[in-house]
Amino acid sequence: MIVLKLGGSVITEKDRPETLDGDALERAADAVAAASEDGLGDLVIVHGGGSFGHHNASEHGITTTEGTHDVGALMDVHGAMVTLNRFVLRRLFDRDVDAVPVHPFSMASRDEDGNLELPIDGIRTILEEGFVPVLHGDMIPHAGAGATVVSGDELVAELARELEADRIGLCSTVPGVLDEDDAVIDEIATFDDAADVLGESEATDVTGGMAAKVQALLELEADAAIFGLDDLAAFLEGAESGTTIR
Ligand SMILES: Nc1ncnc2c1ncn2[C@@H]1O[C@H](COP(=O)(O)OP(=O)(O)OP(=O)(O)O)[C@@H](O)[C@H]1O
Ligand SMILES: C=C(C)CCOP(=O)(O)O
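If you're wondering where the values come from, they're calculated on a predicted model, not measured in any experiment.

1. Focus: the pattern of salt bridges
Phase 1: Within this structure, the stated rule accounts for 14 salt bridges.
Phase 2: For Asp30, the salt bridge identified is with Arg95, shortest N-O distance 2.5 Å. Of this pair, Asp30 sits in helix α2 (residues 22-37) while Arg95 sits in the loop between α4 (71-94) and β3 (99-101), placing them 65 residues apart in sequence.
Phase 3: Take Asp30: its relative accessible area is 42%, and that puts it in the partly exposed class.
Phase 4: Beyond isolated ion pairs, a larger network of salt bridges with shared partners links Glu26, Asp30, Arg91 and Arg95.

What follows is the structure in C-alpha cells.
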C-alpha cells in the first residue's frame, strides 16, 4: 500500500493563480502509469493545491483553523480544487491508470477541536475493486467554524494511518528537505533535527509549507519520503529518495 502526494507546487505554477504546470503533471502521470504497469499494488494518490485553492483561500481569509460560513467563498476554493482534480484525473486516465475522484468535502469533516475525521470504508472499497482513488486538499465542514481547509498533507497522514500504508511519498518542488546550504537532508527523526531550516512555502500557501509537512509525517509509524519529481519513478519502484522522515 502506497500513499503518494503530488504536491501542488509540482503540478501547478504555484505563484500564478490557477495555472497548471502541464509538463510536470504529465511527467508525474507518466511515472505513475509506468509503475502501475509494472504491478505497483495498491496506490492512493492525493494532490495538493498549488496555485489552485491556496490563492482563493487566502483571498477569503480561510485556513485550516479560520473557517467560513460563506458558501460562495467555500465553493470558490472547493471549485478550484475540483478543477485541478479533473486535470490530474484526465492525465492519469489518458495513460490507462484507473483513477477515480474522491472529494474530501463530501465525506470528511473536523470536530470542534479541529480533528480530521475521514471515513475510510469507501476508499477501501475503491481499492479492493482495483481503482486508484485520487483525493485532494479541499474545504471540509468544521463543527462550529463552518468550513475550513484540509491540506493534502493531513489527508496523506490520515490515509496512511487508516490504511496502514507501507510507503508514504510526498513529491514536491524541492528534491527533499534542504539544509542551510540547500543540500538535501537524508533523514529527519525529530522536529528539532530540522527546526531551524523548516519554513513556510515561498508561494501563497494557507497550510504551512514544509514545516507542517514534516510535523505531520513525524507522527506516522511508517517511514515517509519527501522528494522531487526527478525521484518519483525511483520512489514508486521502491528506492529511498530525497529526505526520509522516520
Ligand atoms: N528546509 C526546507 N527545505 C525545502 N523546502 C522548504 C524548506 N523550508 C521551506 N520550504 C518551502 O516549502 C515548499 C514546499 O512546500 P509546499 O507546501 O509549497 O509544497 P507542496 O506540498 O508541493 O505544495 P502544496 O502545498 O501546494 O500542495 C518549498 O517550495 C519551499 O518554498
Ligand atoms: C484548498 C486548499 C488550499 C488545498 C490545500 O492542500 P495542500 O496544497 O496540500 O496544502
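2. What to know about the sheet that holds strand β6 (residues 132-136)
Phase 1: Pairing in this open sheet of eight strands is mixed, and the strands run β3-β6-β2-β1-β9-β11-β12-β10 from one edge to the other. Of all strands in the sheet, those with a lone pairing partner are β3 and β10 (187-188), marking the two edges.
Phase 2: As judged from the five bridges shared by strand β9 (residues 167-172) and strand β11 (residues 224-228), these two strands associate in the parallel manner. Within β11, the residue paired with Gly169 across the bridge is Ala225.

3. A closer look at the nonpolar core
Phase 1: In this structure, Leu159, Ile168 and Val214 are the most contacted members of the largest nonpolar core, which totals 39 residues.
Phase 2: Sorting the residues of this core by element identifies β2 (43-47), α5 (121-128), α6 (152-163), β9, α7 (209-218) and β11 as the ones contributing at least two each.
Phase 3: Ile2, Leu43, Leu92 and Leu232 belong to the second largest nonpolar core, which has 35 residues in total.

4. Observations regarding unusual backbone geometry
Phase 1: For Glu18, which is not glycine, the phi dihedral falls at a positive 50°.
Phase 2: Within the element layout of this structure, Glu18 appears in the loop between α1 (8-11) and α2.

5. What about α5?
One turn of the α-helix equals 3.6 residues, which is why residues spaced by three or four share an orientation.
Phase 1: Those residues of α5 not exposed but buried are Ile123, Ile126 and Leu127. The buried residues of α5 occupy an angular sector of 95° when projected down its axis, which confines them to one face. In this structure, α5 carries Asp121 and Glu128 as exposed residues pointing more than 90 degrees from its buried face.
Phase 2: Packing partners of the buried residues in α5 comprise β2, β3, β6 and α6.

6. Remarks on the site of ligand 2
Phase 1: Around ligand 2, the structure places 15 residues, and the nearest of them are Lys5, Gly49, His54, Gly152 and Thr207.
Phase 2: Between ligand 2 and His54, the relevant distance is 2.8 Å, taken from an oxygen atom to a side-chain nitrogen or oxygen of the residue.
Phase 3: Relative to its unbound accessible surface of 320 Å², ligand 2 loses 98% to contact with the protein.
Phase 4: Those elements that place two or more of their residues in the shell around ligand 2 are α4 and α6.
Phase 5: Its residues assigned to classes, the shell around ligand 2 comprises four nonpolar, eight polar and three charged.

7. Description of the pairing of strand β1 (residues 2-6)
Phase 1: Within β1, five of the five residues are buried, which leaves the element mostly enclosed by the surrounding structure.
Phase 2: Residue alternation in β1 divides its side chains into two sets, Ile2, Leu4 and Leu6 and Val3 and Lys5, and both sets are buried.
Phase 3: Pairing of β1 with β2 involves five bridges; the strand directions are parallel. Each bridged residue has a counterpart across the sheet, and for Leu6 the counterpart in β2 is His47.

Procedures and definitions
- Residues numbered from 1 in each chain as written.
- Chains lettered and ligands numbered in written order.
- Predicted model: local features only at pLDDT ≥ 70, side-chain atom pairs only at ≥ 80, totals over all residues.
- Heavy atoms only, no water.
- Salt bridge = Lys/Arg side-chain N within 4 Å of Asp/Glu carboxyl O.
- Helix = DSSP H or I, 4+ residues; strand = E, 2+ residues; numbered from the N terminus.
- Buried < 20%, exposed > 50% of the residue type's maximum accessible area, 1.4 Å probe, protein only.
- Pairing = 2+ DSSP bridges.
- Core = buried A, V, L, I, M, F, W, Y, C linked by side-chain atoms within 4.5 Å.
- Arc of directions from axis to C-beta.
- Contact = heavy atoms within 4.5 Å.
- Near = heavy atom within 4 Å.
- Polar contact = N/O pair within 3.5 Å; in protein donor to acceptor, adjacent residues only side chain to side chain.
- Areas by Shrake-Rupley, 256 points an atom, 1.4 Å probe, with all protein chains shown as cover.
- Nonpolar A, V, L, I, M, F, W, Y, C, P; charged D, E, K, R; others polar.

Purely spatial values, then, with no claim about function.
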